[in-house]
Amino acid sequence: MEKKGEPMFVVHGFKYEENVDGKKDHYETDFVIVSKKHGIIIMEVKAIKGESSTSLPNRFEEAEGQIERARKYLEKIVDGASTALFKKAFVVMPNYPRPQEEEEKEEEKEEEKEEGKEEEKKKTKDIDGCFQEDCQDDASFRAWWKKNIGCTSPLDMTEELYKSLVFSLTRSRSGGKSLGQMVNDTTGVVLQLWGKQQLALLSDLQSRHDHQLLITGPAGSGKTSILLRKVQELDAETGSKEKILVLCYNKPLKERLARELEKCPSVTVRTLTSILYKLNRTRNIDKILEDRQKIHRELTFDHIFVDEGQDFTGNWRKVLTEMQAKSVCERKFYWIFFDNEQLVHTATTRFSKEVLDNEHKLNEVYRMTGTIFEQFKKYLSDPEECSIAHDIHGRFIEWDEMDQETDPADPKVACEHIAKQVNLLQKKKVSAMDICVLVRDKKKVADPVMEGLISMGIKCQNAEDSIANPDNSAIIVDSIRRFKGLETKVLVLYNPADPKDRKVRELMNTALSRSLCLVIIIAPKQAVLSLQSDVGTTYQPGHFRRLLAALNSCSRFST
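Reading guide: rules and limits
Residues numbered from 1 in each chain as written. Predicted model: local features only at pLDDT ≥ 70, side-chain atom pairs only at ≥ 80, totals over all residues. Heavy atoms only, no water. Helix = DSSP H or I, 4+ residues; strand = E, 2+ residues; numbered from the N terminus. Buried < 20%, exposed > 50% of the residue type's maximum accessible area, 1.4 Å probe, protein only. Salt bridge = Lys/Arg side-chain N within 4 Å of Asp/Glu carboxyl O. Pairing = 2+ DSSP bridges. Axes fitted to C-alpha atoms, helices over the stretch in contact; angles between N-to-C directions. Contact = heavy atoms within 4.5 Å. Left-handed = near helix turned anticlockwise from the far one by under 90°. Nonpolar A, V, L, I, M, F, W, Y, C, P; charged D, E, K, R; others polar.

## Some words on the environment of K241
Summarising the element assignment, K241 is placed in the loop between α8 (223–238) and β7 (244–248). For K241, a relative accessible area of 76% corresponds to the exposed category. In this structure the C-alpha to C-alpha distance between K241 and C329, which are 88 residues apart in sequence, comes to 9.6 Å.

Written out as structure tokens, the structure reads:
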């Protein structure tokens, strides 16, 4: 049906329970179908083979009762659904021929259709039958479907409502778990799988016996986790005898690394900026290299590990080489972790062909669900070189289309949309500490949005404070760039696709890879269409025609 433009989700054996006079009664309906084109379709299967035709009305009435009970239950639990979505329901009797009475009804329907009364009929919620003749083969069932379901006028169901209906059904099948419980469960499974895999990846790296390594890979492939595990092992092995430097660019990532390594006495965690400042207040690398003796005197390390190396600019590797020059350690680990897809700065680090020829590539992504990965891979230069390493699909990405009349750059507008999503998440029992709101710019957007949300009663922290002084009752609000190297269970991404920003691809790559479980994207309609398209970006220099074609063909987000 997906290939025919009729996306639908089928639940077989839909089980539910209801409280009746203080007791829980358990029920089951054979098929519940969520069709984006035709709404919710309920089918109850009854077998009467070998029974007399006189028992048919009783069996049919029994099935009708089950359908009505299921229909009332579904109307209560599905988010945003109206009774108009429940027009179609059928009793399926695959082992019994269509009775004469049913054939007469079919003839009456045809007459009504000719007389122009069919529209009035559609407003009712009749329960029809599907019999032996309709189920004998694929062709017969397709003909029955077209006649009884495909003939109705298509619903104008939004993608958001379709996904909400699917989520409501899957939530019910999972024992009525809240969204918060599902987020925690999904995240736990993803992290458990990754915990096993990171050991295998680290073992693979160590088997090479290379003390100098360039390790590249997309976000979520385990670079930071491998770095932490290796440094912890090295510290435990050497104690305080050998000095280890762990270097990164962002202050929030520095806080995270320092927290993870706080019990390692031989480890120093710094940002590159703070290292350069200590050597020269101007942080001019050329001037720093003019006084190598000062480097050797003040900053000598035996081992150096660099995370997010693509963020560094200038001849910083020469400075690091000088930091190891006077080390008397026979082995000198010098590992650089690098992601070519997240070069969000104009001046980027370049490596020689000789260095790149010896790089160790990580090609599998672990730290996100399959749904997020499908959107994330649009922002990879070569999606075929990267794959998801598990089969956890997870929840659909949620799209919140902004009113075309509003200005997304207005902090008040941003606060209204973000507050709505945060309140909905917390209503569904998602912990504040598991929610992160990311925007493009800290000073222009994140800071005023944080101030506005706090005035609305929503506690907030920036990324750095969430690690150094965590408040479990506060959500995180920060810029995409500052959140590099960190992770969250639930990501609310606000207005990420500015058509004037040449770094949309890199920003979307960075943002999407921060979420373990659930992503909610708030953006104007045109930006949403662009992000949902195969192109996946608003800004595509040199590919304007391709972008237009994608926008024109994009009528829905493929699930």
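## Observations regarding the pattern of salt bridges
In this structure the tally under the stated criterion is 18 salt bridges. Two residues, E237 and R331, come together in a salt bridge whose shortest N-O distance is 2.9 Å. With E237 in helix α8 and R331 in the loop between α13 (316–325) and β10 (334–338), this pair connects stretches of sequence that are 94 residues apart. Note on E237: relative accessible area 55%, which makes it exposed. Notably, a salt bridge pairs R482 with E464, separated by 3.7 Å at the nearest N-O pair. Placement of the pair is R482 in the loop between β17 (475–479) and β18 (488–494) and E464 in helix α18 (residues 463–468), with a sequence separation of 18 residues.

## Examining the pairing of strand β19 (residues 515–524)
Taken across its 10 residues, β19 has 10 buried, putting it largely inside the fold. Pairing analysis gives five bridges linking strand β14 (residues 398–402) to β19, with the strands arranged parallel. Across the sheet, the residue bridging to W399 is I521, located in β19. Relative to β19, β18 runs parallel, the two being bridged by six bridges. Opposite T488, over in β19, you have S515 as the bridge partner.

## A short note on the sheet that holds strand β6 (residues 212–216)
An order of β8-β7-β9-β10-β6-β11 is seen for the six strands of this open sheet, with the pairing classed as parallel. Among the strands making up the open sheet, the edge pair consists of β8 (267–271) and β11 (360–361). Of the pairings in the sheet, the one linking strand β9 (residues 303–306) to β10 comprises three bridges and is parallel in character. Directly across from V306, in β10, lies its bridge partner I336.

## What to know about the sheet that holds strand β1 (residues 8–20)
In space, the five strands of this open sheet follow the order β1-β2-β3-β4-β5, with mixed pairing throughout. Each of the sheet's edge strands pairs with one partner strand only, and the pair in question is β1 and β5 (127–131). The average angle at which neighbouring strand axes cross in this sheet is 35 degrees, direction not considered. Where helix α5 (residues 138–148) meets the sheet, it contacts β1, β2 (23–35), β3 (39–45), β4 (88–93) and β5, and its direction lies at approximately 130 degrees from that of β3.

## Description of the environment of A432
Topologically, A432 is positioned in the loop between α16 (411–427) and β15 (435–439). On the accessibility criterion, A432 (7% relative accessible area) is buried. Sequence separation between A432 and N472 is 40 residues, and the spatial gap between their C-alpha atoms is 6.6 Å. The residues touching A432, leaving out its near neighbours within four places in the chain, are Q426, N472, S473, A474 and I475.

## Regarding the packing of α8 against helix α9 (residues 251–260)
Orientation of α8 relative to α9, taken along the N-to-C sense of each, is 35 degrees, at an axis distance of 11 Å. Seen from above, α8 lies across α9 with right-handed handedness. In this structure, α8 contributes T224, L228 and Q232 to the contact, and α9 contributes R256, L257 and E260. When grouped by side-chain class, the residues that make up the contact of α8 with α9 number two nonpolar, two polar and two charged.

## Quick word on unusual backbone geometry
Notably, E308 is not glycine yet its phi reads approximately 55 degrees, a positive angle. A residue is classified by how much of its surface remains accessible, and E308, at 7% relative accessible area, is buried.

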